[in-house]
Amino acid sequence: MNKQELDEILALAEEKDLFVDDAMTIYHMPVYDIIKERINKGDFGELKLATAYFGSTKEPDSTNRFFNPDLGGGALLDIGVYALAFVQYFLDADPVEVSTVVNLYETGVDEMSTISYQTTEGTLGNVMMAFRGKLPKQGVVVCEDAYMTFNQYPSADKVTITYNNGKEEVVTAGDSSLRLRYEMENLTQMLLTGEDRSSIEITKSVTGIMDTAIQSWGMDWVYD
């Protein structure tokens, strides 16, 4: 629900010599590793910004978990985490300035919002999420020489790279239907080899951004 709870989980895991990671599909789909490696190599020029959308139309019902604060309701805690995970996976830098606007449902949960921020590297992140309007599950990463479009990004197996001259390149890797298998394979690899491929640092950053937004929205029930 919030960063304090995550910190408590991580402290307990360290005390008991246990491993904690985030079962976030974005961190484990093969096509993400390929594109991030190419960005880091400079194939597309300097990284500039990343943005993501996620919207779903839910029937307004105060007893449903989507709109019930007692059940962890609101778009941010349900679908916003995917959008922020996408953006932070590529920006991979600490936010230094976060701004946000929100529409709250009558129960006090967020039904629609945007979050924008700058990082320590000077890159920009932006997400838009909604529970009362459909949005494409689309993420875009922008570099100096090209931008990359991920459709159905929570479990993407294809990305379209559009270069500044209009040329397009399509990269495919993995299979979206095997998304849970990739999570288990990565976890197993880490446990068997000791190789640190954990994404928990990204999750900590995402949770920190969420905390900043939640606090600015006055959703104090998240911390009860």
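One can find the structure itself at the top, above this paragraph.
Report follows, based on the coordinates. None of these values were measured; they are calculated from a predicted model.

## A word on the environment of T107
Position of T107 among the secondary structure elements: in the loop between β2 (95-104) and β3 (110-119). For T107, the residues in contact, after removing those within four places along its chain, are S62, F67 and P69. Polar side-chain contacts of T107 include one of 2.5 Å to the backbone oxygen of F67.

## Observations concerning the nonpolar core
Of all hydrophobic cores here, the largest spans 58 residues; its most connected members are Y32, F86, I115, M148 and F150. Tallying contributions element by element places helix α3 (residues 75-91) first for this core, with 13 residues. Those residues in contact with I115 that sit more than four places away from it in its chain are L76, L84, V98, S99, T100, G125, N126, V127, M129, I209, A213 and W217.

## Comments concerning the packing of helix α2 (residues 30-41) against α3
Where α2 meets α3, the closest approach of the two axes is 10 Å, and the angle between their N-to-C directions is 40°. In this view, α2 runs oblique relative to α3, as classed from their interaxial angle. Counted together, Y32, D33, I35, K36 and I39 of α2 and F86, Y89 and F90 of α3 form the full contact between these two elements. Grouping the amino acids of the contact of α2 with α3 by side-chain chemistry returns 6 nonpolar, no polar and 2 charged.

## Re the packing of α3 against helix α5 (residues 200-217)
Between α3 and α5, whose axes approach to 9 Å, the crossing angle comes to 130°. Between α3 and α5, the angle falls in the class oblique. Crossing geometry of α3 relative to α5 is assigned as right-handed. Packed against α3, whose contacting residues are L76, L77, V81, L84, A85, Q88 and Y89, the element α5 presents I202, S205, V206, I209, M210, A213, I214 and W217 at the interface.

Quick notes on the rules
Residues numbered from 1 in each chain as written. Predicted model: local features only at pLDDT ≥ 70, side-chain atom pairs only at ≥ 80, totals over all residues. Heavy atoms only, no water. Helix = DSSP H or I, 4+ residues; strand = E, 2+ residues; numbered from the N terminus. Contact = heavy atoms within 4.5 Å. Polar contact = N/O pair within 3.5 Å; in protein donor to acceptor, adjacent residues only side chain to side chain. Core = buried A, V, L, I, M, F, W, Y, C linked by side-chain atoms within 4.5 Å. Buried < 20%, exposed > 50% of the residue type's maximum accessible area, 1.4 Å probe, protein only. Axes fitted to C-alpha atoms, helices over the stretch in contact; angles between N-to-C directions. Parallel < 35°, antiparallel > 145°, perpendicular 65-115°, else oblique. Nonpolar A, V, L, I, M, F, W, Y, C, P; charged D, E, K, R; others polar. Left-handed = near helix turned anticlockwise from the far one by under 90°.

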